[in-house]
Amino acid sequence: MTDQDRRTGRDETEEERADRMWGELIQEVRVAQTGVQILFGFLLTVVFQQKYAELSDVDKTIYVVTVVLGASATGALIGPVSLHRLVAGRKVKPQAVRLASGLTQVGLFLLLATMTSSLVLILRVATGGSAVTWVVVAVVGWYLVCWYGLPFWSRRRHSTR
């Protein structure tokens, strides 16, 4: 068994591995894309509601930041699809997988920021500001545990390296 076989845990060529990883990445991105697109679509409608005019300047600023974050997350999470289309057949799939993975990580971070900002805005409007900070910190902590803490813990605990 070569070092490469031990590293991947599979008997596959670099191209086969890139194909497998690409398929897995696209499935993951589909889940995140759906969530960010629904959230972004909802955010785009808020400005057209009558109650928007009643928001404080701070809440309007939070809204604008949230929309920009949502647009950025959408771009990063759709980026791998465009990347694949533009490099398909050029024999650069391993490099494309690494780049798409990076875009996905950036997109997930931006999605986290969008969800945090959305939560701040919604709770400020819904509660008048009481206990918003603690609720947001708790929810963001939960996101961090689910999205990063458990995966890193699992990788560390179950890694053969």
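Residues numbered from 1 in each chain as written. Predicted model: local features only at pLDDT ≥ 70, side-chain atom pairs only at ≥ 80, totals over all residues. Heavy atoms only, no water.

Colleague: Tell me about the packing of aromatic side chains, residues and numbers included.
Modeller: For the structure on display, the rule yields 2 aromatic pairs. Relative to tyrosine 63, the ring of tyrosine 52 lies with its centre 5.3 Å away and its plane at 70°, an arrangement referred to as edge-to-face. Of this pair, tyrosine 52 sits in the loop between helix H2 (14–46) and helix H3 (57–87) while tyrosine 63 is found in helix H3, placing the two residues 11 residues apart along the sequence. Tyrosine 63 carries the same exposure label as tyrosine 52, and that label is buried. Consider the rings of tyrosine 143 and tryptophan 147, whose centres lie 5.5 Å apart with planes at 15°: the pair is stacked. Remark: tryptophan 147 and tyrosine 143 occur in helix H5 (residues 132–158); sequence separation between them is 4 residues, near one turn of the helix. Classification of tyrosine 143 as buried rests on a relative accessible area of 17%. (Phe/Tyr/Trp six-rings, centres within 6.5 Å; stacked < 30°, edge-to-face > 60°. Helix = DSSP H or I, 4+ residues; strand = E, 2+ residues; numbered from the N terminus. Buried < 20%, exposed > 50% of the residue type's maximum accessible area, 1.4 Å probe, protein only.)

Colleague: Outline the packing of H2 against helix H4 (residues 93–127), supporting the account with residue identities and numerical values.
Modeller: The geometry of H2 relative to H4 is characterised by a closest axis approach of 9 Å and an angle of 25° between their N-to-C directions. Compared by their axis directions, H2 and H4 come out roughly parallel. Where H2 crosses over H4, the two elements pack in a sense that is left-handed. In contact with Glu14, Glu15, Ala18, Asp19, Met21, Trp22, Leu25, Val29, Ala32, Val36, Leu39 and Leu43 of H2, H4 contributes Lys93, Pro94, Ala96, Val97, Ala100, Ser101, Thr104, Leu108, Leu111, Thr114, Met115 and Ser118. (Axes fitted to C-alpha atoms, helices over the stretch in contact; angles between N-to-C directions. Parallel < 35°, antiparallel > 145°, perpendicular 65-115°, else oblique. Left-handed = near helix turned anticlockwise from the far one by under 90°. Contact = heavy atoms within 4.5 Å.)

Colleague: Any chance you could break down a nonpolar patch on the surface for me, citing the residues and the numbers?
Modeller: On the surface, Trp142, Val145, Leu150 and Trp153 cluster together into a nonpolar patch covering about 450 Å² of accessible area. Topologically, valine 145 is positioned in helix H5. (Patch = residues over 30% accessible without salt bridge, like charges linked within 9 Å, V, L, I, M, F, W, Y side chains within 5 Å. Areas by Shrake-Rupley, 256 points an atom, 1.4 Å probe, with all protein chains shown as cover. Salt bridge = Lys/Arg side-chain N within 4 Å of Asp/Glu carboxyl O.)

Colleague: So what's going on with the packing of H2 against H3? Residues and values would help.
Modeller: Axis separation between H2 and H3 bottoms out at 9 Å; the angle between their running directions is 150°. Between H2 and H3, the crossing angle belongs to the class labelled roughly antiparallel. Crossing handedness for the pair H2 and H3: left-handed. Here Trp22, Val29, Ala32, Gln33, Val36, Gln37, Phe40, Leu43, Leu44 and Val46 of H2 come into contact with H3, specifically with Tyr63, Thr66, Val67, Gly70, Ala71, Ala73, Thr74, Leu77, Ile78, Pro80, Val81 and His84. Broken down by class, the residue content of the contact of H2 with H3 amounts to 16 nonpolar, 6 polar and no charged. (Nonpolar A, V, L, I, M, F, W, Y, C, P; charged D, E, K, R; others polar.)

Colleague: Which residues make up the nonpolar core, and what values do they have?
Modeller: Core analysis: the largest hydrophobic core is formed by 18 residues, its most contacted members being Val36, Tyr52, Tyr63, Val67, Ala73, Leu110 and Leu111. Looking at this core, the elements with two or more residues in it are H2, H3 and H4. It is H3 that provides the largest number of residues to this core, a total of 7 residues. Each residue touching leucine 110, except ones within four places of it in the same chain, is listed here: Leu69, Ser72, Ala73 and Ala76. By size, the runner-up hydrophobic cluster in this structure holds 9 residues, among which are Ala18, Ile26, Val29 and Ala100. (Core = buried A, V, L, I, M, F, W, Y, C linked by side-chain atoms within 4.5 Å.)

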